[in-house]
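Examining the three-dimensional arrangement
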Amino acid sequence: MRENTTGGQPQGMSREDLLALPVAVDLETSNRALGLGRSKGYELAKRGAYPCKVLRLGNAYRVVTADLLDLLGLAA
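Right, let's walk through the structure included here. (Residues numbered from 1 in each chain as written. Predicted model: local features only at pLDDT ≥ 70, side-chain atom pairs only at ≥ 80, totals over all residues. Heavy atoms only, no water.)

Below, the discussion takes up the packing of aromatic side chains. Counted under the stated rule, the structure contains one aromatic pair. Ring centres of Tyr-42 and Tyr-61 lie 5.9 Å apart, and the angle between their planes is 70°; this geometry places the pair in the edge-to-face category. Taken together, the residues span a long stretch of sequence, with Tyr-42 in helix H3 (residues 38-47) and Tyr-61 in strand S3 (residues 60-64) at a distance of 19 residues. Note on Tyr-61: relative accessible area 9%, which makes it buried. Lying across the ring of Tyr-61, Arg-56 places its NZ or CZ 4.6 Å from the centre. (Phe/Tyr/Trp six-rings, centres within 6.5 Å; stacked < 30°, edge-to-face > 60°. Helix = DSSP H or I, 4+ residues; strand = E, 2+ residues; numbered from the N terminus. Buried < 20%, exposed > 50% of the residue type's maximum accessible area, 1.4 Å probe, protein only. Lys NZ or Arg CZ within 6 Å of the ring centre and 35° of its normal.)

Right under this line is the structure:
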């Protein structure tokens, strides 16, 4: 994870971080990879407008990593 030099907060993910992700990730991880804020990511997921495949498992959202990597142009 890269750090923002101005505030010390996590910002984005490196290519290596992305390629090391498991088969599915939580929405927070996907939001970070896409540069989305928490509120915007959840809003898109709830509306069915998230830019890649989202699975709803009970109260949790999971994003299919293969779709995320494809969207980011990192698919194998």
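Looking at chain direction, strand S1 (residues 24-26) and S3 are connected through three bridges and run antiparallel. Paired with Ala-24 across the bridge in S3 is Val-64. Linking strand S2 (residues 54-57) back to S3 in an antiparallel pair, the connection comprises two residues, with Gly-58 at a positive phi of about 65°. (Pairing = 2+ DSSP bridges.)

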